[in-house]
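# Understanding the architecture of this molecule
Chain residues, written in single-letter form:
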Amino acid sequence: MNALWHDGHLLSQVNWCREVSGRTLHALVSVPSHSALDEARMGPWPKREFAKIRALGVAPPRKRLIAGDEKGFLLNWKRAPALYVYTDSLESHPYVVRSASRGTVVPTFLLPIPHESKQYLSTWASNVQEIDSIWLTSSDALEVATYRELADPKSSLNVIGEEHRAEIEAATGKPTYLHLYRYFGAKDEKARECPRCGRRMRRTPQAKRLLPPGDGGLLSFGARCESCRTVTSDPVDDERPDLASIGRWHPTSKTRVRRK
Ligand SMILES: [Zn+2]
């Protein structure tokens, strides 16, 4: 199950349960599509695990869809006009790639990137979700440290996120954006410079905003940069000038892409 989750075949790492009835082990999992458990679609790691099960001489795993129809919620990346990478602590699954048009989640296991990259992407998604959760519930130094990870384009979290974004864009040929947090800011940020490259960001007119952020496609974000493919929300809190500079463009803040 761990191998399947890391390759993006399951919607949740922890929301599954097992029971033994007689000589049968049952696993209840959420899957993104009917084909998610087809062995032919799996990478080397899950295939190795299935081979180990077969080597034990037990009956091969059988699957049965017992509920749900994900039609309309999940989308093959080929049908998306553009993509963006977004997650937060409200999400519990490793899916971070969405369609730009309506924010529809794109199954990771279908992306044309190496299986290793899918595993790194799932781990990165968990890190974002956990850091966001700590930020929301912490104060003082921990609040600043976690917010910096989420909002600063130079943070290790966002440098790795940028690597994933660039890899997905190169593999799919779709313009792919990366979300950077923007919660603390100034009263008026209508003319923002991109925190990553310093160019003027393209604003989304208020009348066209779709909420909540991440669920309404690219139009749910206040601003985006077409040059480096960065999207951000508008700041919510303008009474913390000490934190407003985090995630703001600094001429010396140009980022370098770190190689794995
Ligand atoms: Zn930019």
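Residues numbered from 1 in each chain as written. Predicted model: local features only at pLDDT ≥ 70, side-chain atom pairs only at ≥ 80, totals over all residues.

## Topic: the overall build of the protein
To keep it simple, the criterion reads: Segments assigned H or I by DSSP are reported as helices when at least four residues long, segments assigned E as strands when at least two residues long, and all are numbered from the N terminus. As a rule, residues whose C-beta atom has 12 or fewer other C-beta atoms within 10 Å are exposed, those with 20 or more are buried, and those in between are partly exposed; C-beta atoms are placed from the backbone. Each residue is represented by a C-beta atom placed from its backbone, and any two residues with such atoms within 7 Å are regarded as in contact.
When helices and strands are counted, the protein shows 6 helices and 8 strands. Scanning the protein from its N terminus toward the C terminus, one meets helices and strands in the order α-β-β-α-β-β-α-α-α-β-β-β-β-α. For the protein, the residues scored as buried account for 35% of the 260 residues in total. When contacts within the protein are restricted to residue pairs at least 6 apart in sequence, those whose partners lie at least 24 apart make up 62%.

## Regarding helix α4 (residues 140–151)
Operational definition: Helix span is expected to be 1.5 Å times the residue number reduced by one.
For α4, with 12 residues, the first-to-last C-alpha span of 16 Å sits near the 16 Å given by 1.5 Å per residue. Those residues of α4 not exposed but buried are Thr146, Tyr147, Glu149, Leu150 and Ala151. Check the buried side of α4 and you find it contacts α3 (115–137), α5 (156–172), β5 (176–180) and α6 (241–244).

## Points about the nonpolar core
Where we set the bar: In these notes, a nonpolar core means any group of buried Ala, Val, Leu, Ile, Met, Phe, Trp, Tyr and Cys residues linked to one another through C-beta atoms within 7 Å. Residue ranges labeled as domains rest on an automatic or database domain assignment.
Leu83, Tyr84, Val96, Val97 and Val106 are the most contacted members of the largest nonpolar core, which totals 44 residues. Residue assignment for this core shows that the elements contributing at least two residues are α1 (2–6), β3 (83–85), α3, α4, β5 and β7 (223–225). The leading source of residues in this core is α3, at 5 residues. When residues of this core are sorted by domain, at least three fall in each of domain 1 (2–55) and domain 2 (77–244). Once you skip the residues sitting within four places of it in the chain, Leu83 turns out to touch Trp77, Val97, Arg98, Ser99, Ala100, Val106, Ile168, Thr172, Lys174 and Thr176.

## Things to note about the sheet that holds β5
Filter applied, for reference: Each pair of strands is called paired provided DSSP finds at least two bridges between the two strands. Each axis is a line fitted through C-alpha atoms, and for a helix only the stretch in contact is used; angles between axes span 0 to 180 degrees, taken between their N-to-C directions.
Taken together, the 6 strands give an open sheet; going across it, the order is β4-β3-β5-β8-β7-β6, and neighbouring strands pair in mixed fashion. Looking at strand neighbours, the two that pair on one side only are β4 (97–99) and β6 (202–203), the edges of this open sheet. Along the sheet face, α5 touches β3, β4 and β5 and points at about 165° away from the line of β5.

## Let's talk about unusual backbone geometry
At Asp140, a position not held by glycine, the phi torsion is positive, near 60°. With respect to the helices, strands and loops of the structure, Asp140 is situated in helix α4. The residue Arg229 is not glycine, and still its phi comes out positive at about 65°. Along the chain, Arg229 turns up in the loop between β7 and β8 (230–232).

## Observations concerning helix α2 (residues 44–55)
Between the first and last C-alpha of α2 there are 16 Å, a value that for 12 residues agrees with the 16 Å anticipated at 1.5 Å per step. Burial within α2 is sparse, with just 1 of its 12 residues counted as buried. After α2 finishes, the residue Gly57 shows a positive phi value of roughly 85°.

## Here we look at the environment of Phe50
Secondary-structure assignment places Phe50 in helix α2. For the pair Phe50 and Pro60, spaced 10 residues apart in sequence, the C-alpha to C-alpha distance is 8.3 Å.

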